[in-house]
Amino acid sequence: MTKKTIAVLPGDGIGPEVTRAAIQVLESIGRLYDHEFVFREGLIGGSAIDEKGDPLPLETREISAESDGILLGAVGGPEWDHLPGDQRPEQGLLGIRKMLDLYANLRPVKAYEALIDASPLKTDIVAGVDFMIVRELTGGLYFGEPKKRETIDGEEQAIDTLAYKQSEIKRIAERAFEAARVREGKVLSVDKANVLESSRLWRETVTECAETYPDITLEHMLVDNAAMQLIAQPTAFDVIVTENTFGDILSDEASMLTGSLGLLPSASLGATGIGLYEPVHGSAPDIAGKNRANPLAAIASAAMMLKYGLQMEEEATRIENALEKVLEAGYRTADITESTQAVTTTEMTEAVVKA
Ligand code: NAI
Ligand code: MG
C-alpha cells in the first residue's frame, strides 16, 4: 500500500463543493489501487480571512509544505472585494505559489468529443483540439520591479515591469520541452520579440534550450498572432510556452474552445516536487452553495496530481477515461447544457465514481 498525504484547501464559493467531488474520486481510486490517501484540510482565501484574519494562515502553510500534493478549490468573492490589495483572498494563492516556487503552470486544453457542440465555435474548428499551455507563473509582468505609482510633474503615473532572468526562462522552457516529449513533440514559444526586449531574451533562451531536445520541434510566434491562431486553427497546437501575462490571457481564451471553464484543470509545479492542482475557474459566487457547479475541472485537476505529482499515471488515465465516459453517457451540469435535465454537482460526481 502506498501512503500519500494530500493537502486540501477548498477555499471559497464553489471551491468546497468541487473539491469534495475530487476527494470522492480520489478515495475510489485509493480503494481500487490499494493506496492510502490521507487528506489534511486547511483554510485559504476569504474563509481563512474570516476565521483567522489571514488569507494564508501558518497552519495552512505547514499542511501544504508537509504534503505530497495540494488540491485547491478557488478563492475570492464579493464579500472580500472591499479589502486592500495586500489583504485580499488572492494573497493566499499568491503566497502559496511563492512559498513553493511554483513557476510552471500547466493547463491542458482538450475538447471532449461528447461536448463538441458546447463550444461557441464551429464544430469543425474545435474537433480534435488537444494542447497544453505552459505558463510562466512567478515572473514576468506580474512580479517585475519597479512596480509602483508616482507623481511626475504633478501627474500620477503607474509602472509595471516585465523582467526575466535567463534562468527563469530556461527552467520554464525545459518544462515545456519535457511536456512535449510525452505529447506530439512540438513546442510553440509565444512572445512579443518584435517589441519587447524581455521577449528577445526569451526567444534566444528558448532557442538555446531547444538544442538539448533535438527530438522536439520548436517554433516561435508573436502573441497577437497566437491569439488569432488559437481561434483560427486550434488543432495545430501541441505545447505552448509563454510569459505570465500572455499565458493568463491565452488560457482564458483557450477555455472557450472546450465550452466551459468548469472543465479545465491545471497544475502548478516547482522545484520542490510539491505541486498545486486546481481548476482554472474561480469561486463562481453566482452559483455557490446551489449544488450546480461542474466538478469535472476539479476532478481532472486531481488526475493531474496523480500524474505529475504522485507518479500514478495509470490511475490518472483511469479518471480521465471516466470523465469521457460520463460525458458520452450524456451527463451534463448546467454550464454545459441548456436543457432543464441538467444534473447536480453530486450527481455528476457519483457518475464519475461509478464510471
Ligand atoms: P469564475 O470562474 O468564478 O466564474 C465565471 C463564470 O463561470 C460564472 O458565471 C460562473 O458561474 C461560471 N463557472 C465557473 N466555474 C464553474 C463551474 N465549475 N461550474 C459551472 N459554472 C462555472 O470567475 P469570476 O466570476 O471572474 O470570479 C469570481 C471570483 O473568483 C472572484 O472573486 C475572482 O477573484 C475569483 N477567482 C479565483 C480564481 C482562483 O481561485 N484561482 C480564479 C479566477 C477567479
Ligand atoms: Mg485568469
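Residues numbered from 1 in each chain as written. Chains lettered and ligands numbered in written order. Predicted model: local features only at pLDDT ≥ 70, side-chain atom pairs only at ≥ 80, totals over all residues.

## Some thoughts on the site of ligand 1
Turning to step 1, where the next piece is worked out: Residues in close proximity to ligand 1 total 21 residues, the closest being Gly76, Gly262, His281, Gly282 and Asn294.
Turning to step 2, where the next piece is worked out: Its residues assigned to classes, the shell around ligand 1 shows 11 nonpolar, seven polar and three charged. (Near = placed C-beta within 6 Å. Nonpolar A, V, L, I, M, F, W, Y, C, P; charged D, E, K, R; others polar.)

## Let's talk about the sheet that holds strand 5 (residues 130-136)
Turning to step 1, where the next piece is worked out: Reading across the sheet, the 10 strands line up as 2-1-3-12-11-4-5-10-8-9 and stay open at both edges, with mixed pairing between neighbours. Only two strands of the sheet have a single partner each, and these edge strands are strand 2 (35-41) and strand 9 (217-222). Averaged over all neighbouring strand pairs, the angle between strand axes comes to 25°, with direction disregarded.
Turning to step 2, where the next piece is worked out: In the sheet, strand 4 (residues 104-110) pairs with strand 11 (residues 265-269) via three bridges, with the strands oriented antiparallel. Residue pairing for strand 11: Asn105 is matched across the bridge by Ser268. (Pairing = 2+ DSSP bridges. Helix = DSSP H or I, 4+ residues; strand = E, 2+ residues; numbered from the N terminus. Axes fitted to C-alpha atoms, helices over the stretch in contact; angles between N-to-C directions.)

## Here's the deal with the packing of helix 11 (residues 313-328) against helix 12 (residues 345-354)
Turning to step 1, where the next piece is worked out: The geometry of helix 11 relative to helix 12 is characterised by a closest axis approach of 8 Å and an angle of 120° between their N-to-C directions. Taken together, the axes of helix 11 and helix 12 lie oblique to each other. Every pair of crossing elements has a handedness; the one defined by helix 11 and helix 12 is right-handed. Across the interface between the two elements, Ala322, Leu323 and Val326 from helix 11 touch Met348, Ala351 and Val352 from helix 12. (Parallel < 35°, antiparallel > 145°, perpendicular 65-115°, else oblique. Left-handed = near helix turned anticlockwise from the far one by under 90°. Contact = placed C-beta atoms within 7 Å.)

## A short note on the packing of helix 1 (residues 15-33) against helix 10 (residues 296-309)
Turning to step 1, where the next piece is worked out: Two numbers describe how helix 1 lies on helix 10: the axes approach to 8 Å, and their chain directions differ by 45°. With respect to helix 10, the element helix 1 is oriented oblique. In this structure, helix 1 crosses over helix 10, and the sense of that crossing is right-handed. Of the residues in helix 10, those in contact with Val18, Thr19, Ala21, Ala22, Val25 and Leu26 of helix 1 are Ala298, Ile299, Ser301 and Ala302.
Turning to step 2, where the next piece is worked out: Partitioned by chemical class, the residues of the contact of helix 1 with helix 10 number eight nonpolar, two polar and no charged.

## Considering the pairing of strand 3 (residues 69-74)
Turning to step 1, where the next piece is worked out: Taking burial as the measure, the six residues of strand 3 include six buried ones, the bulk of the element.
Turning to step 2, where the next piece is worked out: Both strand 1 (residues 2-11) and strand 3 contribute to a ladder of five bridges, which runs parallel. Looking at strand 3, one finds that Ala7 is bridged to Ile70.
Turning to step 3, where the next piece is worked out: Pairing of strand 3 with strand 12 (residues 276-279) involves two bridges; the strand directions are parallel. Its bridge partner being in strand 12, Ile70 is matched across the sheet by Leu276. (Buried ≥ 20, exposed ≤ 12 C-beta atoms within 10 Å, placed from the backbone.)

## Brief notes about the UniProt feature "binding site: substrate" (unreviewed entry) in the protein
Turning to step 1, where the next piece is worked out: On the UniProt side, "binding site: substrate" (unreviewed entry) is annotated at positions that read Arg97, Arg107, Arg135 and Asp224 here. Over a stretch of 128 residues, the named residues are scattered through the fold, their C-alpha atoms separated by up to 27.7 Å.
Turning to step 2, where the next piece is worked out: In this fold, Arg107 is placed in strand 4.
Turning to step 3, where the next piece is worked out: Counting through the fold element by element, Arg135 comes out in strand 5.
Turning to step 4, where the next piece is worked out: Among residues more than four places away in sequence, those in contact with Arg135 are Asn105, Arg107, Thr242, Asn244, Gly247, Asp248 and Ser251. (UniProt positions renumbered as here; feature names shortened; annotations may be inferred.)

## Some details on the environment of Gly95
Turning to step 1, where the next piece is worked out: Within the secondary structure layout, Gly95 lies in helix 4 (residues 90-99).
Turning to step 2, where the next piece is worked out: The class of Gly95 is partly exposed, set by 17 C-beta atoms lying within 10 Å.
Turning to step 3, where the next piece is worked out: In this structure, the C-alpha to C-alpha distance between Gly95 and Ile336, residues 241 residues apart in sequence, is 33 Å.

## What to know about helix 9 (residues 244-258)
Turning to step 1, where the next piece is worked out: Taking 1.5 Å per residue as the helical rise, helix 9 with its 15 residues ought to reach 21 Å, and the 22 Å between its terminal C-alpha atoms agrees with that figure.
Turning to step 2, where the next piece is worked out: Those residues of helix 9 that sit buried are Asn244, Phe246, Gly247, Leu250, Ser251, Ala254, Ser255, Leu257 and Thr258. For helix 9, the angular spread of the buried residues around the axis is 165°, confining them to a single face.
Turning to step 3, where the next piece is worked out: For helix 9, the elements touching its buried residues are strand 4, helix 5 (123-126), strand 5, strand 8 (186-191), helix 8 (223-232) and strand 10 (239-242).
Turning to step 4, where the next piece is worked out: Following helix 9 by one or two positions, Gly259 adopts a phi angle in the positive range, close to 105°. (Expected span 1.5 Å × (residues − 1). Arc of directions from axis to C-beta.)

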